[in-house]
Structures are given as structure tokens and as C-alpha cells.
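# Close look at the chain arrangement
So the chains spell out like this:
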Amino acid sequence: MRRTSASLVAGALVAALAWASGPSSPAVALDPTAGVADLTQDINQILSDSRLTIARAGVVVKSAQTGEDLYATDAGKLLTPASNTKLFTSAAAAETLGLDYRFPTTVLNAGRKAGSVLTGDLVLRGTGDPTMLAEDYDALAAAVAKAGVKLVTGRLVADDTWFDGQRLGNDWAWDDETAYYAAPISALTASPDRDYDAGSVIVAVSAEDGKVKVTTTPPTDYLKIVNQATTGDETDVLIERRHGTRTVVITGTVADSYQEWVAVDDPTAYASTLFRAALKKHGVKVLGPTVTGAAPEGAGELARHESMTLGELLVPFMKLSNNIHAEILTKAMGREAANQGTWAAGLKVVTDFARANGAQVINMRDGSGLSRRDGFSPASIAQFLTAVRGKPWFPTWYESLPVAGNAERFVGGTLRSRMRNTPAADNVRAKTGSLTGVTALSGYVTSADGEPLVFSIMLNQYLSASPKDIEDQIAVRLARFSRTAATADVSPLRAGQASQAGDLECSWLKPVEC
């Protein structure tokens, strides 16, 4: 996993600890209501933007120190949260699984070993590790060979029974089925790189000697590539997997290198293909076919790989708003709490935890926020963010939130190009959320007085250009908030903005990101 420098980590930890304990009380103004009145007037002005005339806007600002509501409009309304849902999923995972939780992937001997021959089946068993790379499956195969196995007379059994067989969320759009940010969920899966987009493959094209060359990361023959693209003066190419198949069709023209992340149709079968190829590379021959099923009782362990800890996984999960991590953790919580690796069991864990920590208006259909039937109120989000400050895992969780205006990818995350050169930069830590017609931003900011504030901004059902800049204006205004002084200027708030992601989380717009 990519790691930030020691100074950045130390600084973030100090900030998180300060947030958990709260700073000293701000100076008392002669009129302690003047600053709040100013804030109310300015946020109302920001929300008067014409793009919100027909839209729904819910905003809550609280003092994390006193619990005081500093601003609220439509605080109790049920709104679509998009990826703000991950605030609840990630926090519940930290509470339920613990920051030291790891996903093991094992290879089991389901037969009888005599010399270099395993008479019976070889089992590859997963528990949902979204960080498994092709090189990790290769290491497992190397360990099998090192254990002395050269021939398996039976089958390669892919055991993905740690989770149920439901691969896609109940309400996910069918036309997202091939998109990597909506990849199928399985207890056996693989990621192409260290963003850990489980269940996807990177398909790349380039122009070489007048022809279009196609490669994949990792190298695999699992996908059937139909290359209909031609070289040209510009790159205008479409790389798309046909719905319900393993066939990827490439059309258009290619002048420069280009790549696309493509979800596989069956993560279990894909991971099994990678492992079987690795076994062959290391001189282990499996005579039987690859099948799916549960490992038999008493199967002995030949090799094991364990993922990074949940505390470490929170960084790519939350910084890059990884949907697959959210859904895998949801099912993992169901398995932990009820011995059922299902969405239903996992979502019960999350909703129970959310309600116990102040989220009273809540409807969860998945762990990531892809479902348009997910719903929270801004007040519930703000109350939840306030309540979890006292949790022992809060400093690590707080550090995983995107940081406004910080260009380092695994620090700034989905906020790294927003609010640069403003008082919110390196101050606001918040979770973004975007779907068509939906944007949200909820998290923490320290005011100009040093007072910790909690906020939730949810904008729904707008039709024109994305109003993410409205979120930014409010967040910057909160960074400027003082109980003792007026703030005159509320307008120049998007300085240094690199791009506007619009209807999707910017980290989902690969290969071009915000």
C-alpha cells in the first residue's frame, strides 16, 4: 500500500487526537450570537444559488465541542447520500471487526499427499480480501510448490462460500454492471493494482507499427478480447465488456496509449484462473477442472496469505471512495456478527450501530451508496459524526478521510483538488458523495477560533451543472467562522480547483481523475 511520509502521518495523528479530545474553549465574544447570525446569513446566501431553486438542500452545522446547532435547514429530511454512506459502513467496520482485522486467503489440501502427488482436490479459499493481487496468488502457488506438491490428481476447488452468492446490490443500475466501481462482490477476488479495485482488470491499448496492441493488467486470458480498433490521428476509443459476458470489445481509433478499468463478470472464476496459471508456472499440475464449492471438513492448510489490516485498508477505501471495499466489509460484518456473509446481515450491523450513535433517519440498501434507495438526514449524519469522536479507533478513522486541497493522492483523496488556497485547505476532512443529480459532503472542520465543527451538506435533484462548488463555499465559510468577528467575503472559494467531477466520484473517473 502507498504510504504517506512519517511527518504527514504524525501530523494527521496529532490532529485526530486533538479532534477526539477537543481544543480549549474559544474566546467569549461580547455578543456570542453575532458570529452565528453572520454564519446563518452567509450560508443562506450561498444556498440561494439558482441551481438549487428546484433542488433539495439539507445542511447541518454543529459545534463538536458543545453539541450546539450552529446552522440547520431541512435537517431532518431523508436525502440520497451517495458515498456519504461509507461514513457509516467504515465506522461500523472499525467498531465490529477492529482495526487489526485481516482477510486470510488460504490453499487447502483436501486429499492425501504422498511424495509430490496430492491425491484429491486442491482448494483455494477466500474470505473477501479486496487487496489480493496477481502476485499474491503467485506467492500462494509458490508456497504450494515449496510444500512439495507437483501433481494434483483431483480438481481445483474455488471456495467462495464465506459470502453468499449474491454478486450485485439489489438496486444497482444494470448499465453499471461492467463498470469497475460496481464490480461483483465475492469472497474470492483480485485487484489489478494498489488502488485495490477488486473484481476488475485494466485493459490498455497502444498504437504500434500501424496496429492497435492490447494488453491487460494483470496479464490474463480470462477475458475474451475482440479488438476492432484501428490506429488514427487521435485517440477516440471505447473499451467495453458486453453485458453478462467475458467479452471485451474495443472500437474506435488509437494514437496514444489509453487504458480502462473493466469489471469481470465472475470474480471467483477470474481469481481461480490467476491461481491456476500461477500453479502451472511453479510446476504444479492440476489434472481436474476448476469448480466452485466448500472445502471439506478437516482439509489441511498448505499456504496462507493475509491482507493488510483494516486500519491500513481504510486509507484506499475512504480516500478513493472504493465501493467494492464498502460492500466486502458489509458482508464481512454480517459474517462476523451473525455467521452470514450477506448484505442483509451486514446492513443490520451497520444500521444498528448508526442508530446507537445518533443516526435516527436512516435507510441503507448497500454499504457504498450506489443504491438510490439509500437515505439519511443531514442531522443524522452530523449527530453520528459527533458521537464517534469518542471511539478508540477514531484517530485512525479520522485520518482516512479525504483532506481538502492536499495534492498527495492518498492524503487528499477525492478532495485533493478542491478548496486549494483557502482556509479549508489541509483543514476540512470530509467524505464526498456523487451520483447523477446527487452530491454530498460531510465531515469535520476547525473554525478560525480553533473550535471543532461537524457538518453535513446534502444536495439532491438538481438538473444543471454540479453544485459541488456550493459545498466548497460552505466548507470554506466554516473554516473562516468566528464567534467573535464577522466574515465579509464568502465568494472566492474554488481557487486552485483542477477539475469538476460532476456526476461521479472523481476517483471513479479513471484514467482521468480530479
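Residues numbered from 1 in each chain as written. Predicted model: local features only at pLDDT ≥ 70, side-chain atom pairs only at ≥ 80, totals over all residues. Heavy atoms only, no water.

## Here's the deal with helix 2 (residues 34–47)
Put simply, the test is: Per the convention used, a helix needs a DSSP run of H or I reaching at least four residues, while a strand needs a run of E reaching at least two, with both numbered from the N terminus. In this scheme, a helix's expected span is set at 1.5 Å multiplied by one less than its residue total. Under the scheme applied here, a residue whose accessible area is under 20% of the maximum for its type counts as buried, over 50% as exposed, and between as partly exposed, the area being computed with a 1.4 Å probe on protein chains only. Arc, as used here, means the arc of the directions from the helix axis to the C-beta atoms. Contacts are assigned to residue pairs that have any heavy atoms within 4.5 Å of one another.
Taking 1.5 Å of rise per residue, 14 residues should cover 20 Å, and helix 2 covers 20 Å from first to last C-alpha, within 8% of that figure. Along helix 2, the residues that are buried comprise Gly35, Val36, Leu39, Asp42, Ile43, Ile46 and Leu47. Seen from one end, helix 2 has its buried residues packed into an arc of 135°, which puts them on one side. Contacts made by the buried residues of helix 2 are with strand 1 (56–63), strand 2 (69–73) and helix 12 (468–479).

## Regarding the sheet that holds strand 8 (residues 211–217)
Applicable threshold: Should DSSP find at least two bridges between two strands, the strands are regarded as paired. To obtain an axis, a line is fitted to C-alpha atoms, over the contacting stretch when the element is a helix, and the angle between two such axes runs from 0 to 180 degrees between their N-to-C directions.
Read across the open sheet, the three strands follow the order 8-7-13; overall the sheet is antiparallel. Looking at which strands have only one partner, the edges of the open sheet turn out to be strand 8 and strand 13 (258–263). Averaged over all neighbouring strand pairs, the angle between strand axes comes to 25°, with direction disregarded. As paired strands, strand 7 (residues 200–208) and strand 13 are joined by six bridges and run antiparallel to one another.

## Concerning the pattern of salt bridges
Rules: Should a side-chain nitrogen of Lys or Arg be within 4 Å of a carboxyl oxygen of Asp or Glu, the pair is scored as a salt bridge.
This structure, assessed with the given rule, holds 24 salt bridges. Across the pair glutamate 95 and lysine 391 runs a salt bridge, and its minimum N-O distance is 3.9 Å. With a gap of 296 residues between them, glutamate 95 in helix 3 (residues 85–96) and lysine 391 in the loop between helix 9 (378–387) and helix 10 (394–400) connect regions that are remote in the sequence. Of the charged contacts, one joins arginine 125 and aspartate 159 as a salt bridge, the two residues approaching to 3.5 Å between their closest N and O atoms. Within this pair, whereas arginine 125 is found in strand 4 (residues 117–125), its partner aspartate 159 is found in strand 6 (residues 156–159), the two being separated by 34 residues in sequence. By relative accessible area, aspartate 159 is classed as buried at 2%. Salt bridges sharing common partners tie together Asp49, Arg51 and Asp469.

The values are spatial; any link to function lies outside them.
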